[in-house]
Amino acid sequence: MTHLHDADAAIEAVRSGEIDASFRAVTAPARRLPGGVRAVRVLDEPIQLLTGPAHRLAEAPAVAPADLAGHRIWMPGNVAGTEWAAFYDDLAAAFGLTVDVTDPDFGSEPLLDMLAASPALASFVGDQTHLLWPAHYDLRRIPVQRPTPVYPHSLLWRPDNPHPALPALRHHLGSPVLPPRAGLRAGRTPSRKAAPVPPRRRLPERLTNG
């Protein structure tokens, strides 16, 4: 297992045979992938809003993307030029959101510290992103729905790669699967009053599962 921060470097490593496979967000395979490299979508991961207990949306059982206009979504880990930064740039442009990438990225723990104490900051996390925090932080993971933005994970490989585990890996991943737990925030029971949501809006396929 290895970590390649840059998507282009990972794609080239697959092409050259330096690595056997990679998981990336590939939103335009025909334009980005060199000859011989294949990609298949294996997981659409729903996006959640992460807030502290004092945030105005903390008690909402779910929020729509349009509800987040005017809120500061803080994501200092979004490095310019990465595929995840491009994904959140597209999401922000589609719904008029403010994704703030200022301040150094010191990892998840300082981010959680800031969110727990702030009535104004929020962040986006994937439904399957595992986060641990002290119980007194009382952070909230709130599903984003109608529409649900999803982060598109794809498997990249070369069909002529002879590694014996590649066919088993591809068979195991099979077809795209949506996590069954996307509708609940961790460790919380839903509020009795639902947050208002606007009519469904259509997003590009790379951003939503409908």
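Definitions and limits used
- Residues numbered from 1 in each chain as written.
- Predicted model: local features only at pLDDT ≥ 70, side-chain atom pairs only at ≥ 80, totals over all residues.
- Heavy atoms only, no water.
- Helix = DSSP H or I, 4+ residues; strand = E, 2+ residues; numbered from the N terminus.
- Buried < 20%, exposed > 50% of the residue type's maximum accessible area, 1.4 Å probe, protein only.
- Contact = heavy atoms within 4.5 Å.
- Areas by Shrake-Rupley, 256 points an atom, 1.4 Å probe, with all protein chains shown as cover.
- pLDDT = per-residue confidence, 0-100.
- Core = buried A, V, L, I, M, F, W, Y, C linked by side-chain atoms within 4.5 Å.
- Phe/Tyr/Trp six-rings, centres within 6.5 Å; stacked < 30°, edge-to-face > 60°.
- Pairing = 2+ DSSP bridges.
- Polar contact = N/O pair within 3.5 Å; in protein donor to acceptor, adjacent residues only side chain to side chain.
- Salt bridge = Lys/Arg side-chain N within 4 Å of Asp/Glu carboxyl O.

A. Examining the overall build of the chain more closely. Helix and strand content of the chain: 5 helices and 7 strands. Burial statistics for the chain: of 210 residues in total, 40% are counted as buried. The contacts of the chain with a sequence gap of at least 6 include a subset with a gap of at least 24, amounting to 80%. Counting only carbon and sulfur atoms, one obtains 56% of the accessible surface of the chain, whose full area is about 11500 Å².

B. Region of interest: the confidence of the model for the chain. Chain-level pLDDT for the chain is 80 on average; 79% of the residues reach the 70-or-more range. Per-element averaging of pLDDT across the chain places helix 2 (residues 29–32) at the bottom with 57 and strand 6 (residues 140–143) at the top with 96. A low-confidence stretch, residues 175–205 (pLDDT under 50), is modelled with 65 contacts involving residues beyond four sequence positions or located in other chains.

C. Region of the structure containing the nonpolar core. Residues Leu49, Val63, Leu68, Tyr88, Leu97 and Phe124 are the most contacted members of the largest nonpolar core, which totals 20 residues. Secondary-structure elements contributing two or more residues to this core are strand 2 (38–51), helix 3 (83–95) and strand 5 (121–126). Here this core gets 5 residues from one element, more than from any other, and that element is helix 3. Val63 has contacts with Leu49, Leu57, Leu68, Ile142, Pro143, Val144 and Gln145, leaving out every residue within four places of it along the chain. In terms of nonpolar packing, the next biggest core, distinct from the first, is built from 10 residues, Leu50, Leu111, Ala116 and Leu139 among them.

D. Layout of the packing of aromatic side chains. One pass over the structure, following the stated rule, counts 3 aromatic pairs. Between Phe87 and Tyr88, the aromatic rings sit 4.9 Å apart at their centres with planes inclined by 90°, giving edge-to-face as the arrangement. Take Phe87: its relative accessible area is 4%, and that puts it in the buried class. A ring pair is formed by Phe87 and Tyr151, whose centres lie 5.0 Å apart and whose planes are at 70°; its orientation type is edge-to-face.

E. Local environment of the pairing of strand 7 (residues 150–157). Strand 7 sits mainly inside the fold: 7 of its 8 residues count as buried. Pairing of strand 1 (residues 21–24) with strand 7 involves 4 bridges; the strand directions are antiparallel. The residue of strand 7 that forms the bridge with Phe23 is Leu155. In this structure, strand 2 lies alongside strand 7, joined through 8 bridges in antiparallel fashion. When the bridges of strand 7 are listed, Leu43 appears paired with His153.

F. Representation of unusual backbone geometry within the structure. Residue Pro147 follows Arg146 across a cis peptide bond; omega there is -5°. Notably, Asp138 is not glycine yet its phi reads approximately 55°, a positive angle. You can see Asp138 is positioned in the loop between strand 5 and strand 6. Overall, Asp138 belongs to the partly exposed group, its relative accessible area being 27%. Backbone geometry at Arg146 places phi at a positive 55°, although glycine is not the residue there. Structurally, Arg146 can be placed in the loop between strand 6 and strand 7.

G. Representation of the side chain of Asp127 within the structure. Tracing the backbone through its elements, the reader meets Asp127 in the loop between strand 5 and strand 6. A distance of 3.3 Å separates the side chain of Asp127 from the side chain of Gln48, its partner in a polar contact.

H. Geometry of the pattern of salt bridges. Per the stated rule, a full pass over the model turns up 7 salt bridges. For the salt bridge of Arg158 with Asp160, the shortest nitrogen-to-oxygen distance reads 2.7 Å. A relative accessible area of 51% means that Asp160 is categorised as exposed. Through salt bridges with shared partners, a single ionic network connects Glu59, Asp138 and Arg140.

I. Representation of the side chain of Thr51 within the structure. Relative to the helices and strands, Thr51 is located in strand 2. Accessibility expressed as a relative area gives 0% for Thr51, which makes it buried. If sequence neighbours within four positions are ignored, Thr51 has contacts with Ala58, Ala122, Leu139, Arg140 and Ile142.

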